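Chain by chain, the residues run as shown.
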Amino acid sequence: MAEYINPDYVPEPEKVNTKKGLEGAVIDTSSVSKVNADTNTLMYRGYPVQDLAELCRFEEVAYLMYTGELPNKGQLADFEKKERGYRDITKANLDVIRLLPKKCHPMDSIRTATSFLGAEDERIWDNSPATDLDKAIRMLAKIPTMIAADYRFKKGLDFIPPNKELSIAENFFHMCFGKVPQKEVVKAFDVSLILYAEHSFNASTFTSRVVASTGSDIYSATVAGIGALKGPLHGGANEQVMHMMIEIADPKKAEQWMIDALAKKRKVMGFGHRVYKSGDSRVPTMKKYAMSMAKVVNEPKWMQMYESLEKVMVEKKKIYPNLDFPAGPAYYMMGFEIDFFTPIFVMARTTGWSAHIMEQAANNRIIRPLSEYIGAPQRKVQPLSER
Ligand code: COA
């Protein structure tokens, strides 16, 4: 037995107040965004997200995320020139995406392709603020190209190269479908990117900050964030919402479906939130744009179903929809395959992750929490011959 172990030592039971799921734990300061559940508001760098969605394009919000300020015209022109110049991906990265199993989830594809992007960057260990900003813009530009390439390959179609004359939202439609849809559809998509861009210390952002806190690089931290976002309790919920709506099929059946689901204590995707308890501040904006798009594409059924499901859940449980609830049917009406909904979330959230990773690096202390031990008490190791 090791000499330093006292065989008679019986530890005191630990008296700690564990915070399951880190609920209510404030673990650092941040100037990126503020979720205020009491006033049902969300601010990015001090700006209400609803106003950003109405008045800005996603590119302006990305600039805001990275620098802390909205760009003026000249700054935006320079930023967009740089982002558009970075949109192409290498043939090697394209081959990696092409070689992935056709049936793998697109979140696995974008996680792998982003990891490859990091491996291609010779500045991988240069975590200086200027290089990290450049890497963040590189991801902002290339992640949509990588997702669209995967979209095309999974359907057995040819890759469509990015068009540098188009905005991020327009170009994504172009790369997936070979055309840009009506302006209302593009606006609804752009709004979804703005609303999905950032949400304080949620699971994926916290994950990427933990990785950044070890001194690792921005690509690795982003890849970790993608892994966390994939889960159905986080970003994966927007896909589950649409699967649920397809299962219900008919808006007239939605009310009874929800009553049955609640009776069976089923967790209904797209509802509930750890922080917001009386409604997600992003939902009214997304709902408004999903509604107006439903008219343009002449597909009223999903938003009718939305209204019925929401009504029953709020009446019976006082649990409100989160952003994934309107985003799911919105992406479906835009024509995207369901398993691409969460990768689209990645396109948006790369901005928030990068802002947090850079903030963590600028004022870092390694993140290392504690746990309350509930395992076996200290015991003797029996040699194998005696077990
Ligand atoms: N459907 C049905 N009941 C729900 C619910 C939902 N979507 N979300 C929460 N509840 C209920 C729980 O069953 C629990 O009830 P109980 O106290 O009777 O056991 C209560 O509300 C509290 O929920 P809890 O799971 O403890 O909340 P949480 O803060 O740990 O989890 C979420 C938050 C978001 C993970 C959770 O609401 C959820 O799983 N929602 C569905 C997935 C989703 O939409 N995720 C996207 C989040 S943006």
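Criteria and thresholds
- Residues numbered from 1 in each chain as written.
- Predicted model: local features only at pLDDT ≥ 70, side-chain atom pairs only at ≥ 80, totals over all residues.
- Heavy atoms only, no water.
- Domains from an automatic or database assignment.
- Contact = heavy atoms within 4.5 Å.
- Buried area = accessible area lost by both parts, 1.4 Å probe.
- Salt bridge = Lys/Arg side-chain N within 4 Å of Asp/Glu carboxyl O.
- Polar contact = N/O pair within 3.5 Å; in protein donor to acceptor, adjacent residues only side chain to side chain.
- Near = heavy atom within 4 Å.
- Areas by Shrake-Rupley, 256 points an atom, 1.4 Å probe, with all protein chains shown as cover.
- Nonpolar A, V, L, I, M, F, W, Y, C, P; charged D, E, K, R; others polar.
- Phe/Tyr/Trp six-rings, centres within 6.5 Å; stacked < 30°, edge-to-face > 60°.
- Helix = DSSP H or I, 4+ residues; strand = E, 2+ residues; numbered from the N terminus.
- Buried < 20%, exposed > 50% of the residue type's maximum accessible area, 1.4 Å probe, protein only.
- Pairing = 2+ DSSP bridges.
- Core = buried A, V, L, I, M, F, W, Y, C linked by side-chain atoms within 4.5 Å.

### Thoughts on the domain arrangement of the protein chain
Piece 1. By the assigned domains, the protein chain splits into domain 1 (30-233 + 346-362) and domain 2 (237-333).
Piece 2. Opposite the 25 residues of domain 1 that make contact, domain 2 presents 24 residues.
Piece 3. Summing both sides of the interface, domain 1 and domain 2 together bury roughly 2100 Å²; the carbon and sulfur share of this comes to 62%.
Piece 4. Summed over the three residues of domain 1 that lose the most area to domain 2, namely Asn-40, Leu-195 and Tyr-196, the buried surface amounts to 26% of that side.
Piece 5. Linking domain 1 with domain 2 are one salt bridge.
Piece 6. Our count for the contact surface shared by domain 1 and domain 2 stands at ten residue pairs in polar contact (both at pLDDT 80 or more).

### Some remarks on the site of the ligand
Piece 1. In the vicinity of the ligand lie 18 residues, with Lys-267, Val-268, Gly-270, Phe-271 and Arg-274 positioned nearest.
Piece 2. In the model, a nitrogen atom of the ligand is placed 2.6 Å from a nitrogen or oxygen of the Val-268 main chain.
Piece 3. Between an oxygen atom of the ligand and a main-chain N or O atom of Gly-270, the distance comes to 2.8 Å.
Piece 4. Against a free-state accessible area of 860 Å², the protein chains account for coverage of 63% of the ligand.
Piece 5. For the shell around the ligand, the residue count by class is eight nonpolar, five polar and five charged.

### Here's the deal with the packing of aromatic side chains
Piece 1. Under the counting rule described, the total for this entry stands at 20 aromatic pairs.
Piece 2. Seen from their ring centres, Phe-189 and Tyr-331 are 6.0 Å apart, and the 65° between their planes marks the pair as edge-to-face. Here Phe-189, found in helix 8 (residues 183-196), pairs with Tyr-331, found in helix 15 (residues 324-334); they are 142 residues apart in sequence, far enough to count as distant. Neither Phe-189 nor Tyr-331 differs from the other in exposure class; each is buried.
Piece 3. Among the aromatic residues, those joined into a ring-pair cluster are Tyr-151, Phe-172, Phe-173, Phe-177, Phe-189, Tyr-196, Tyr-331, Phe-336, Phe-340, Phe-341 and Phe-345.

### As for the sheet that holds strand 3 (residues 47-48)
Adjacent strands of a sheet pair through backbone hydrogen bonds, lying either parallel or antiparallel.
Piece 1. With antiparallel pairing, three strands are arranged side by side in an open sheet as 1-2-3. With partners counted over all chains shown, the strands left at the sheet margins are strand 1 (33-36) and strand 3, one partner each.
Piece 2. Relative to strand 2 (residues 41-44), strand 1 runs antiparallel, the two sharing four bridges. Looking across to strand 2, one finds that Ser-33 is bridged to Tyr-44.

### Considering the nonpolar core
Piece 1. Tyr-44, Phe-172, Phe-189, Leu-309, Met-334 and Phe-336 are the most contacted members of the largest nonpolar core, which has 104 residues in total.
Piece 2. The biggest single contributor to this core is helix 6 (residues 129-154), with eleven residues.
Piece 3. Of the domains in this structure, domain 1 (30-233 + 346-362) and domain 2 (237-333) are the two that each give at least three residues to this core.
Piece 4. Ignoring any residue separated from it by four or fewer positions in sequence, one finds Phe-189 in contact with Ala-169, Phe-172, Phe-173, Tyr-331, Met-334, Phe-336, Ile-344 and Met-347.

### Some points on the environment of Asn-72
Piece 1. As for its position among the elements, Asn-72 is in the loop between helix 2 (58-67) and helix 3 (73-85).
Piece 2. On a C-alpha basis, the gap between Asn-72 and Gly-215 in space is 33 Å, while along the polypeptide they are 143 residues apart.
Piece 3. Within the structure, the side chain of Asn-72 is placed 3.2 Å from the backbone nitrogen of Gly-74, a separation counted as a polar contact.

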